[in-house]
Amino acid sequence: MLSALCYGSINPDIVHQVPEFPGPGDDLRSISSRLTYGGGGVNPAVALAAWGVTTAVAGNTLGDDPFGRWLVDDLAARGVDVSLIDLTTGSQTPHCLVLVDPAGERTIISSGYDQAIWQSLSPDVWEGRSVTVVDAYSARAGAEVIRASSRAGVPAVGIDVTGRAAAPLNVCVWSSHEHELHDALALSSAGPDVVLTSGRDEAVWCRAGDVLLGVRPPEVESIDPTGAGDTLAAMVAFGVASRRTEEETLRMAVAAASLTVGLQRGDSLPDLGAITVAASSLPS
């Protein structure tokens, strides 16, 4: 049985489908809205749990408030181990407001992270772990988690981690929205493999300063792309933990992300069977 630890931002998302993004002074009515889980620590944890991995999540503390209690209950219902999450009286649970337009593009406004308290982890948290996933939003705390995972001999996958913090990683997943290919190649020449994602364009796996392989996603209707990159990173971690080849891992990761963007946030994620079928149909 695979076991994962996901560390990073933990928050509820308030998602509004809007007819268009607002401009200054606009007064819009949303098409729909929903409250769901969110954050770079939580999104991969939910995905891995959906794929049968025993998965715990930790990161910023939550307030012992309605948002915090709701999120813990929701994650537990989705099969995520929430025993490491700290609900702190007197703190406020951070949240994100997500606006999604009819084309599936989104804007995220985060609140409450300027005073976030990041959890420290005890050494015994690594016992029996197959892989660690760390979100760069956790900054110095996440960098320490990466180092601790490396010391414990547990492979680690980073989401948008940069600089010296990335050195102990096995794989770093970057988005082309924030990083260029030449930067990914440079990082891979000095340390971890880098998976560079490009939304509707080809995702590439970089190693030792070169492109090892690339996979192009299928054409899909985007309903909400929020968290799709985290789902892709979760499948990279799944592949690392289960010792799959880089090609199989990247194909599965691209398929998982493509299926995710066609869902409403909070819907049940595609299972491994659906992802495997989708991956097999991707062009070679």
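It should be noted that the structure appears before, not after, this text.
Only a predicted model underlies this, so the values are computations on that prediction, with no experimental measurement involved.

**Thoughts on the pairing of strand β2 (residues 11-17)**
So, step 1. In terms of burial, β2 is a largely internal element, 5 of the 7 residues being buried.
So, step 2. In this sheet, strand β3 (residues 32-38) lies alongside β2 in antiparallel orientation, the contact comprising 7 bridges. Looking at the pairing, H16 lines up with S33 of β3.
So, step 3. In this structure, β2 lies alongside strand β7 (residues 95-100), joined through 5 bridges in parallel fashion.

**Quick look at the environment of I14**
So, step 1. As for its position among the elements, I14 is in strand β2.
So, step 2. For the pair I14 and L181, spaced 167 residues apart in sequence, the C-alpha to C-alpha distance is 33 Å.
So, step 3. Beyond its immediate sequence surroundings of up to four residues, I14 is in contact with R34, L35, F67, H95, C96, L97 and V98.

**A word on the sheet that holds strand β1 (residues 3-8)**
So, step 1. Across the sheet, which stays open at both edges, the 8 strands sit in the order β4-β1-β9-β10-β11-β12-β13-β14 with mixed pairing between neighbours. The open sheet is flanked by β4 (54-59) and β14 (210-215), the only strands paired with a single partner. The average undirected angle you get between the axes of adjacent strands in this sheet is 20°.
So, step 2. Contacts from helix α3 (residues 139-151) reach β1, β9 (131-135) and β10 (156-159), with the element oriented near 165° to β9.
So, step 3. Packing against the sheet, helix α4 (residues 181-190) makes contact with β11 (171-175), β12 (193-198), β13 (201-207) and β14, and its axis sits at approximately 25° to β13.

**Side note on the state of the cysteines**
So, step 1. Under the definition given, this model contains 0 disulfides.
So, step 2. Cysteine C6 is unpaired, with the sulfur of C172 as its nearest cysteine sulfur at 15 Å.
So, step 3. Look at C6 and you get buried, because its relative accessible area is 0%.

**Focus: the packing of helix α1 (residues 42-50) against helix α5 (residues 228-241)**
Pairs of packed helices are described in terms of their axes, by the angle between the two and the distance that separates them.
So, step 1. It is at 8 Å that the axes of α1 and α5 come closest, and there the two elements cross at 55°. If you check the angle between α1 and α5, you find them oblique. Relative to α5, the crossing made by α1 is right-handed. Every residue of α5 that contacts α1 at N43, P44, A47 and L48 is listed here: D230, T231, A234 and F238.
So, step 2. Of the residues in the contact of α1 with α5, the class split is 5 nonpolar, 2 polar and 1 charged.

**Re the sheet that holds strand β8 (residues 106-111)**
So, step 1. Judged by pairing direction, the sheet is mixed, and its 4 strands sit side by side in the order β3-β2-β7-β8 without closing on themselves. At either end of the open sheet lies a strand with only one pairing partner, and these are β3 and β8. Neighbour to neighbour, the strand axes of the sheet diverge by 20° on average, direction disregarded.
So, step 2. Bridging between β7 and β8 involves 6 bridges; their strand directions are antiparallel. The partner of H95 across the bridge, within β8, is S111.
So, step 3. Packing against the sheet, helix α2 (residues 66-77) makes contact with β2, β3 and β7, and its axis sits at approximately 75° to β3.

Analysis parameters
- All residue numbers refer to position in the chain's written sequence, counted from 1.
- Owing to the predicted nature of the model, reporting of local features is limited to residues with pLDDT of at least 70; listing and counting of side-chain atom pairs is limited to 80 or more, with chain, interface and lining totals taken over all residues.
- Calculated side-chain values reflect all of the structure's heavy atoms, with hydrogen atoms and water omitted.
- Relative accessibility thresholds used throughout: buried, under 20% of the residue-type maximum; exposed, over 50%; partly exposed, between the two (1.4 Å probe, protein chains only).
- Secondary structure follows DSSP: runs of H or I at least 4 residues long count as helices, runs of E at least 2 residues long count as strands, and numbering of each begins at the N terminus.
- The rule for pairing is simple: two strands pair if DSSP sees at least two bridges between them.
- Residues count as neighbours in contact if any of their non-hydrogen atoms are within 4.5 Å of one another.
- Fitted lines through C-alpha atoms serve as axes, helices being fitted only where they are in contact, and the angles separating the N-to-C directions of these axes extend from 0 to 180 degrees.
- Disulfide assignment relies on a single distance test, namely cysteine sulfur atoms paired within 2.5 Å.
- Working definition: roughly parallel below 35 degrees, roughly antiparallel above 145 degrees, roughly perpendicular at 65 to 115 degrees, and oblique for all remaining angles.
- Throughout, a crossing is termed right-handed when the near helix is turned clockwise from the far one, and left-handed when it is turned anticlockwise from it by less than a right angle.
- Amino acid classes used here: Ala, Val, Leu, Ile, Met, Phe, Trp, Tyr, Cys and Pro are nonpolar; Asp, Glu, Lys and Arg are charged; the rest, including Gly, are polar.

Purely geometric stuff here, so don't read any function into it on its own.
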